[in-house]
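# Architecture at a glance
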Amino acid sequence: MEIEKSYIHRKYEKGRAGSQVTIDEDYNLVDYKPDIVKVVKAGGFVRFDNIHINDEHVYVKGSLCFEVLYRNDMSDKKMDCLSGSIPFEEMLCMDGVDELDPVHVTAEMEDITIGIINSRKLSIRALFMLRAVVQDVKKEQIITDIHSDYSLEMLKNEKKVLQLLSCKRDKFRVKQEIPLGANQPNVEQILWKSVQLRGVETKLSEEAVQITGEILIYLLYYAQGEERRLEWLEQSVPIRGSVPCEEYEDNLLYQIKVEPGNTELEVQADYDGEDRMLSLDMTLELDISIWQEENVNVVEDVYSLEKDIMPVNEDITLEQLLAKNYAKCRISDRLTLAPEQNDILQICSCEGKVYVDETKVMEQGVQVEGSLEIELMYVTTDDSIPVGTYKGTLGFEQFIEVPYATADISFELDSGIEQLTALLADNGRVDIKAVVNLNLLAFSMQQIPRILDLKEQDMDLASLQKRPGMVGYLVKEGDTIWNIAKENHTTVSQLVEINGLEQTKIGKGDKLLIVKTV
């Protein structure tokens, strides 16, 4: 007996673990930094130094990196900044993984609060979520045909499945030097910097993944000169490039997630020796998955009238593409400063972050509820505290169409900011307009019966001879013509011919004449 096999590759989540990490430490200012009067703005991110798996545990070693913009006690340069890091180690339990498995760890900052203990000491409190995922590629075997010296009856069905062609992570590096504009003074000291992605899009082309979008840079600094006045800069850097990708054919399905990685922004001297050149070095982390839809003939059952064949059956769950949909959610609202905050003279920067809070599968689609967290930095009307900040949250809802959606579908949702603007209405109110991208990839889960193994032996002729040669049969609920033929030692074609059926479909209450085939 010769068996033809096919293999379906799919993503397989081997393990997942999470842990909420809390950091509560004090931080002393270095001697050369002026005293702190008020914290104006604070931010932080998690940097990973070492990640490894040992004895079904994921060990993570890294640092909480923080930055602070503050009002000092000096009369000429009222603003200053500092940065630091606090190390941490965390252990995540993950059953079934080993040290050679590829593990991907992310950290989502939930809260960071930096307070003043005294003029030379800060209190650093942070809460972030560590998530570790081990994904692998699983190869599912399917029997597509069977050849034998004797006749076989096979139940075949054509199934449309997703074949995973590629599942990998890659990096795209943006390295660029950006000269200051002619009207911008030289940089003496950087006080605050922000680097954000806007409108990033990816496209699979021949032998490459094309990446487009822009990087938005905000910079607050002291200008050189006797006045040492505050200056701010907003600059966009286009993203145009590619990373190699061998898998390419027409009509491939793909999902490419792009996240910012390590980012460095520094001021360097230009060709004239003046501090007028910004050096940007940013890494984009790419999570690439590529599928191809295939039609596969699956042998679901088999028997013979000459041999006793015993298949070992099992049901497997495979994904089938249901929908790929891109939605744009437009947000427009007005933010109002609290009474205790200083009035706005001019907006310096507007940063944003998208959070998807809840998703719900509904008829014909997925309902998405989320929030857009906004943080403004602005020049105030008070010279004693020249820079102020404001945080606000805008909620949004978006319905993404998915035809034939049911409660058991699975989907992957990717979100990002395409546009974000802040316009000053008056000294205490700001109009926010934003466009949020929501990219949904939905799959339906289908149960496919398959044969794992076949065992054969000689037919028990004595038992077969005891069966009646001809019987009348009344079709019951759940009967199929295949099962009736198999159980009564005949074939589907003979049942159709003897009973004068036009098709193989039968219904409850139908009457069949069955003639045993020897």
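Everything here concerns the structure above.
Please read all numbers here as calculations on a predicted model, not as lab measurements.

### A few points about the pattern of salt bridges
Close approach of charged atoms lets side chains of opposite charge pair. Inspection of every chain in the model, using the stated rule, returns 26 salt bridges. We note a salt bridge from Lys-41 to Glu-375, for which the minimum N-O separation is 2.7 Å. Note that Lys-41 is positioned in strand S2 (residues 36-54) and Glu-375 in strand S15 (residues 365-380), a separation of 334 residues in sequence. You can call Lys-41 buried: its relative accessible area is 3%. Here Asp-426 and Arg-429 are joined by a salt bridge, their closest N and O atoms 2.8 Å apart. One salt-bridge network, held together by shared partners, links Arg-10, Glu-140, Glu-314 and Arg-450.

### Focus on helix H3 (residues 492-499)
Within H3 the residues assigned to the buried category are Val-492, Leu-495 and Val-496. Buried residues along H3 cover an arc of 95° about the axis, so they all sit on one side. In H3, the exposed residues that point more than 90 degrees away from the buried face are Ser-493 and Glu-497. Those residues of H3 that are buried lie in contact with strand S12 (275-303), helix H2 (481-487) and strand S20 (511-515). Directly after H3, the chain includes Gly-500, whose backbone phi takes a positive value near 60°.

### Things to note about the sheet that holds strand S9 (residues 208-223)
On the basis of which strands lie adjacent, the open sheet formed by 3 strands has the order S8-S9-S10 and antiparallel pairing. Each edge of the sheet is formed by a strand with only one pairing partner; in this case those strands are strand S8 (187-205) and strand S10 (230-244). Taken pair by pair, the neighbouring strands of this sheet meet at an average axis angle of 15°, ignoring direction. One ladder, built from 15 bridges, connects S9 with S10; its direction is antiparallel. Residue pairing in the sheet places Tyr-221 in a bridge with Glu-231 of S10.

### Considerations on the nonpolar core
A general tendency of soluble globular proteins is for nonpolar side chains to be buried together. In this structure, Ile-331, Cys-350, Leu-372, Ile-374, Leu-376, Leu-420 and Ile-432 are the most contacted members of the largest nonpolar core, which totals 35 residues. The set of elements that each furnish at least two residues to this core consists of S9, strand S13 (307-336), strand S14 (344-362), S15, strand S16 (387-401), strand S17 (410-426) and strand S18 (429-458). Leave out the neighbours within four places in its chain, and Leu-372 touches Ile-331, Gly-352, Lys-353, Val-354, Gly-392, Thr-393, Leu-394, Phe-396, Ile-417, Leu-420 and Ala-434.

### Overview of the packing of aromatic side chains
All told, the structure shown has 4 aromatic pairs when counted by the stated rule. Taking 5.1 Å as the distance between ring centres and 85° as the angle between the ring planes, the aromatic pair formed by Tyr-27 and Phe-66 counts as edge-to-face. A residue pair is termed long-range when its members are at least 10 positions apart, and Tyr-27 in strand S1 (residues 2-28) and Phe-66 in strand S3 (residues 57-72) qualify at 39 residues. Comparing Tyr-27 with Phe-66 shows no difference in burial state: the two are buried. For the cation-ring pair, Lys-138 lies above Tyr-12, with the distance from its terminal atom to the ring centre recorded as 4.9 Å. Here Lys-139 stacks its cationic end above the ring of Tyr-7, 4.9 Å away from the centre of that ring.

### Quick look at a nonpolar patch on the surface
Taken together, the side chains of Met-470, Ile-498 and Leu-513 make up a nonpolar region of the molecular surface, amounting to roughly 270 Å² of accessible area. Tracing the chain through its elements places Ile-498 in helix H3.

### Brief notes about the environment of His-9
Tracing the chain through its elements places His-9 in strand S1. Residue His-9 is classed as partly exposed on the basis of its relative accessible area of 28%. Separated by 156 residues in sequence, His-9 and Leu-165 have C-alpha atoms that sit 7.5 Å apart. When sequence neighbours within four positions are dropped, the list of residues in contact with His-9 reads Val-137, Lys-138, Lys-139, Leu-162, Gln-163 and Leu-164.

### Structural notes on the sheet that holds S15
Two pairing modes exist for strands in a sheet, parallel and antiparallel, and in both the strands are linked by backbone hydrogen bonds. One open sheet accounts for 3 strands, arranged S14-S15-S16; its pairing is antiparallel. Of all strands in the sheet, those bounded by a partner on one side alone are S14 and S16. Averaged over all pairs of adjacent strands, the angle between strand axes in this sheet comes to 15°, irrespective of strand direction. With 15 bridges connecting them, S15 and S16 associate as antiparallel partners. Paired with Leu-372 across the strands is Leu-394, a residue of S16.

### Quick word on the side chain of Glu-140
Of note, Glu-140 is situated in strand S6 (residues 121-147). One polar contact links Glu-140 to Arg-450, side chain to side chain, over a distance of 3.2 Å. When residues no more than four places from it in sequence are discounted, the contact partners of Glu-140 are Ser-6, Tyr-7, Ile-8, Arg-10, Ile-316, Leu-318 and Arg-450.

### Things to note about a negative patch on the surface
A surface patch of like charges, here negative, comprises Asp-357, Glu-358, Glu-369 and Glu-397. For Glu-397, the position within the fold is in strand S16.

Conventions adopted
Residues numbered from 1 in each chain as written. Predicted model: local features only at pLDDT ≥ 70, side-chain atom pairs only at ≥ 80, totals over all residues. Heavy atoms only, no water. Salt bridge = Lys/Arg side-chain N within 4 Å of Asp/Glu carboxyl O. Helix = DSSP H or I, 4+ residues; strand = E, 2+ residues; numbered from the N terminus. Buried < 20%, exposed > 50% of the residue type's maximum accessible area, 1.4 Å probe, protein only. Arc of directions from axis to C-beta. Contact = heavy atoms within 4.5 Å. Pairing = 2+ DSSP bridges. Axes fitted to C-alpha atoms, helices over the stretch in contact; angles between N-to-C directions. Core = buried A, V, L, I, M, F, W, Y, C linked by side-chain atoms within 4.5 Å. Phe/Tyr/Trp six-rings, centres within 6.5 Å; stacked < 30°, edge-to-face > 60°. Lys NZ or Arg CZ within 6 Å of the ring centre and 35° of its normal. Patch = residues over 30% accessible without salt bridge, like charges linked within 9 Å, V, L, I, M, F, W, Y side chains within 5 Å. Areas by Shrake-Rupley, 256 points an atom, 1.4 Å probe, with all protein chains shown as cover. Polar contact = N/O pair within 3.5 Å; in protein donor to acceptor, adjacent residues only side chain to side chain. Lys, Arg positive; Asp, Glu negative; His and termini not counted. Charge placed at Lys NZ, Arg CZ, Asp CG, Glu CD.

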